[in-house]
Amino acid sequence: MMLDVVGVRFKEAGKIYYFDPEDIDINYDDYVIVETARGIEFGHVVIGQKKIEKEEIVSPLKKVLRIATDEDFEIHKDNIKRAKEAKKICEEKIEKHGLVMNVIDVEYTFDNNKIIFYFTADGRVDFRELVKDLASVFRTRIELRQIGVRDEAKMIGGIGPCGKPCCCTQFLGEFEPVSIRMAKEQNLSLNPTKISGLCGRLMCCLKYEQDTYEELSKTMPEVGMKVKTPSGQGTIVNTYTLLQEVKVKVTLEDDTDDILQYHIDEIDIIKKKKPRCNGCMNNHASGQ
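A brief structural summary. Sequence order as written defines the numbering, with residues in each chain counted from 1. Whole-chain, interface and lining totals are the exception, using all residues; otherwise, since this is a predicted model, local features are given only for residues with pLDDT of at least 70 and side-chain atom pairs are given and counted only at 80 or more. Values shown for side chains rest on all heavy atoms present in the structure; no hydrogens or waters enter the calculation.

1. Some remarks on the environment of Thr-109
Consideration 1: Only DSSP runs of H or I covering at least 4 residues are called helices, and only runs of E covering at least 2 are called strands; the numbering of each starts at the N terminus. Among the structural elements, Thr-109 can be located in the loop between strand S6 (102-108) and strand S7 (114-120).
Consideration 2: In this structure the C-alpha to C-alpha distance between Thr-109 and Glu-91, which are 18 residues apart in sequence, comes to 20 Å.
Consideration 3: In this structure, Thr-109 is in contact with Arg-38, Ile-40, Glu-41, Asn-79 and Lys-114, ignoring residues within four places of it in sequence.
Consideration 4: Here the side chain of Thr-109 touches Asp-111 through a polar contact of 2.8 Å, side chain to side chain.
Consideration 5: N or O atoms closer than or at 3.5 Å make up a polar contact, with two conditions inside protein: a donor-capable atom paired with an acceptor-capable one, and, for residues adjacent in sequence, both atoms drawn from side chains. Reaching out from Thr-109, the side chain makes a polar contact with the backbone nitrogen of Asn-113 at a distance of 3.2 Å. A contact between two residues is defined here by any heavy atoms of the two lying within 4.5 Å.

Printed below as a string of structure tokens:
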């Protein structure tokens, strides 16, 4: 069964949620008021109306209430301003209660039914008295939500090791698992300072670049293979997956060796690298 939906974000580079447009003519880049699990929210349409399978929807599918009006924009701007003031008040209350936690961001729901305080802390924090104190000040529902270092980096932003703004603040809607294996397969330095982002975790780009590396690696010869080059026969000593190039140690006509670089289309494999024999390795390890 196919359903009509629109994709809405509530934060720049935030997760995309699907909503039922009903009979409203909604287009890409519109701003809308929608019903969510946490209340009425102001969102940005980043995927125009389209049909998707019902199985792809997280039920129940909430509805778009209306296209945002000028009054809605003013309410949204006011909520952003009030959130900044609420952050300062929360920081004062945290100091008053002597809690070891840092407020990273604050959000008002569009209908002002709830204020959400995002914070980081090294461990569990007993913030029950803090919540009571904040509720007495703001006279609405208060939610304190502890977040991890990756979410903190996404909210604060900054410049990554590559010299560009953090990917998570620019376009990554959701975090995906990243492993050290990806760094190895991409021939990167395994020095933690070289492959970690501002959050201290492995860089997100290792994940979304991995598919390209895996695809290009299918056509790449391995280090140690014997190949024929325009300058003669040689042995591959290094590979450059993205460039689709290799470095080859070639014995020239005057019997001198040289390291030359070729595109993989310029070489022919003569002999593949011999696989290591597990049995031989075991015998060697045992001294036989």
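2. A word on the sheet that holds strand S5 (residues 64-67)
Consideration 1: Whether two strands pair depends on DSSP finding at least two bridges between them. A sheet is described by the order of its strands in space; here five strands give the open sequence S2-S1-S4-S3-S5, paired in antiparallel fashion. The open sheet has two edge strands, strand S2 (17-19) and S5, and neither has a second partner. Put simply, the sheet's adjacent strands are angled 50° from each other on average, direction ignored.
Consideration 2: In this structure, strand S1 (residues 2-9) lies alongside S2, joined through three bridges in antiparallel fashion. Paired with Val-8 across the bridge in S2 is Tyr-17.
Consideration 3: Its contacts with the sheet place helix H1 (residues 70-97) against strand S3 (31-36), strand S4 (39-53) and S5, and it is angled at close to 120° to S4. Note on geometry: axes are lines fitted to C-alpha atoms, helical ones only across the stretch in contact, with angles between N-to-C directions running from 0 to 180 degrees.

3. A word on the nonpolar core
Consideration 1: Formed by 19 residues in total, the largest nonpolar core has its most connected members in Met-101, Phe-117, Leu-134, Phe-138 and Leu-144.
Consideration 2: Sort the elements by how many residues they give to this core and H1 lands first, with four residues.
Consideration 3: Only buried residues count toward a nonpolar core. Its members are Ala, Val, Leu, Ile, Met, Phe, Trp, Tyr and Cys residues joined through side-chain atoms within 4.5 Å. Accessible area is worked out with a 1.4 Å probe on protein chains only. A residue is then buried under 20% of its type maximum, exposed over 50%, and partly exposed in between. Grouped together as the second largest cluster of nonpolar side chains are ten residues, Met-220, Met-225, Ile-236 and Val-246 included.

4. Here we look at the pairing of S6
Consideration 1: Within S6, five of the seven residues are buried, which leaves the element mostly enclosed by the surrounding structure.
Consideration 2: In the sheet, S6 pairs with S7 via six bridges, with the strands oriented antiparallel. Each bridged residue has a counterpart across the sheet, and for Val-106 the counterpart in S7 is Phe-117.

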